[in-house]
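Each chain, letter by letter, is given below.
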Amino acid sequence: MHMIERTPPAHTLGPLAALQVRFSGAFRRLRRDTRAVAMIEAAFTVPTLLFTGFAGLEISNLMITHTRVSGIALSVADNASRIASGSNLAVPQVREVDVNDVFTGAQLQSGALDIATNGRVIVSSLETNATGGQWIHWQRCFGAKQYSSTYGEQGTGAVGNSFAGMGPAGREVQAASGAPVMFVEVYYDYIPFMFGSFIGTKRIRYTAAFGVRDARDTSQIFNPAPAATARTCTAGLPSGDDD
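Below, the structure is looked at part by part. All values derive from a computational prediction rather than experimental measurement.

Right, let's get into the overall build of the chain. A tally of helices and strands in the chain yields five helices and six strands. Each helix and strand of the chain, placed in order from N terminus to C terminus, yields the pattern α-α-β-α-α-β-β-β-α-β-β. Here the chain, with 243 residues, has 33% of them falling under the buried criterion. Contacts in the chain between residues far apart in sequence, at least 24 positions, make up 69% of those at least 6 positions apart. Approximately 14800 Å² of the chain is accessible, and the part contributed by carbon and sulfur atoms is 59%.

Structural data, given as structure tokens:
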């Protein structure tokens, strides 16, 4: 014969034992209760799914922005390598208004990114000096963000052969004699649209270089009447290495 053990009534036990009995009974009832299981599961899984989905959107938007900034750098370098004004009777000249037109094109291409407000475009004319060394003959900038060129300011390398060129160490872009290179640096401050308070502003930076297509007068940037605004570069924030 099996003996059935029964829990004594709570009123026959001491205060502590009675409390244990009540908790034990409540736990057994909770363990057997299957109501609202789907709601509890959703409470755990939905926030994770939402976070994963929004993180995917943020990453996708960042990748698209990288692609667009890279495209702006390539377009600016390509357009700058083509600009020149003149006739068949004289060597074409590069004018300030031509450089400004290149910057206008960059702003139009940036669209909602608004490179004029949120970025900086730096165009450098990399040439050779009198002794064959690399030389940043002139440099023009566009955009409200005060970044400086990573590889040198206007006038760098004017004398001697110590300046290796523009670009990462060991992979510098160099100009040949009589063949300038338009070297472009584009900086853009990316502000995340969902996780800005956690991630903060991310700097995107791309470079591009194109050799000048045709012969041009490289003695200076001309500015005939009516004179255009010369977008010279002022000292700005240190740009650092590639992101």
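Read on, since the account is not over.
With respect to the element layout, W135 can be found in strand 3 (residues 134–142). Separated by 22 residues in sequence, W135 and G157 place their C-alpha atoms 4.3 Å apart. Discounting residues that sit within four places of it in the chain, W135 has contacts with S125, L126, E127, T128, N129, G155, T156, G157, A158 and F163.

With that out of the way, let us pick up helix 3 (residues 96–110). A rise of 1.5 Å per residue sets the reference length of helix 3, with its 15 residues, at 21 Å; its end C-alpha atoms lie 21 Å apart and thus fit the reference within 8%. Buried within helix 3 are the following residues: E96, D98, V99, N100, V102, F103, A106 and S110. Just beyond helix 3, the residue with positive phi is G111, at close to 60 degrees.

Below, the discussion takes up the sheet that holds strand 3. Pairing is antiparallel in the open sheet, where four strands are placed in the order 3-2-4-5. Pairing within the sheet leaves two strands with one partner each, and these edge strands are strand 3 and strand 5 (202–211). Neighbour-to-neighbour, the strand axes of the sheet open up by a mean angle of 20 degrees, direction not taken into account. Across the sheet, helix 3 touches strand 2 (119–128) and strand 3, and the angle it forms with strand 3 is around 55 degrees.

Another aspect to go through is the environment of A209. Here A209 shows up in strand 5. Expressed as a C-alpha distance, the spacing of A209 and V184, which sit 25 residues apart in the sequence, is 6.1 Å. The residues touching A209, leaving out its near neighbours within four places in the chain, are A77, V173, V181, M182 and F183.

Residues V46, L50, F54, L57, F193 and M194 make up a contiguous nonpolar surface patch of roughly 520 Å² in combined accessible area. Of note, L50 is situated in helix 2 (residues 37–82). You can call L50 partly exposed: its relative accessible area is 47%.

So, about the side chain of N129. Take N129: it is sitting in the loop between strand 2 and strand 3. A distance of 3.0 Å separates a polar atom in the side chain of N129 from the backbone nitrogen of T131. One polar contact links the side chain of N129 to the main-chain carbonyl oxygen of G157, over a distance of 2.9 Å. Not counting the four nearest positions on each side in its chain, N129 is found in contact with Q134, W135, G157, A158, V159, G160 and N161.

Counting residues in hydrophobic clusters, the biggest one holds 27 residues, and the most contacted among them are V76, V121, V123 and V186. Counting residues per element, this core draws most heavily on helix 2, at six residues. With eight residues, the next largest nonpolar core counts L126, F163, A175 and V181 among its residues.

Let us now look at the packing of aromatic side chains. On inspection of all chains with the given rule, the structure shows three aromatic pairs. Each ring, one from Y147 and one from Y187, has its centre 4.9 Å from the other, and the planes form 25 degrees; the classification is stacked. Here the residue Y147 occupies a position in the loop between strand 3 and strand 4 (181–190), and Y187 occupies one in strand 4, the gap between them amounting to 40 residues. For Y187, a relative accessible area of 0% gives the class buried. A centroid spacing of 5.7 Å and a plane angle of 90 degrees characterise the contact between Y151 and F183, whose relative ring orientation is edge-to-face. Remark: F183 occurs in strand 4 and Y151 occurs in the loop between strand 3 and strand 4; sequence separation between them is 32 residues. By relative accessible area, which is 14% here, Y151 ends up buried.

Rules behind the numbers
Residues numbered from 1 in each chain as written. Predicted model: local features only at pLDDT ≥ 70, side-chain atom pairs only at ≥ 80, totals over all residues. Heavy atoms only, no water. Helix = DSSP H or I, 4+ residues; strand = E, 2+ residues; numbered from the N terminus. Buried < 20%, exposed > 50% of the residue type's maximum accessible area, 1.4 Å probe, protein only. Contact = heavy atoms within 4.5 Å. Areas by Shrake-Rupley, 256 points an atom, 1.4 Å probe, with all protein chains shown as cover. Expected span 1.5 Å × (residues − 1). Pairing = 2+ DSSP bridges. Axes fitted to C-alpha atoms, helices over the stretch in contact; angles between N-to-C directions. Patch = residues over 30% accessible without salt bridge, like charges linked within 9 Å, V, L, I, M, F, W, Y side chains within 5 Å. Salt bridge = Lys/Arg side-chain N within 4 Å of Asp/Glu carboxyl O. Polar contact = N/O pair within 3.5 Å; in protein donor to acceptor, adjacent residues only side chain to side chain. Core = buried A, V, L, I, M, F, W, Y, C linked by side-chain atoms within 4.5 Å. Phe/Tyr/Trp six-rings, centres within 6.5 Å; stacked < 30°, edge-to-face > 60°.

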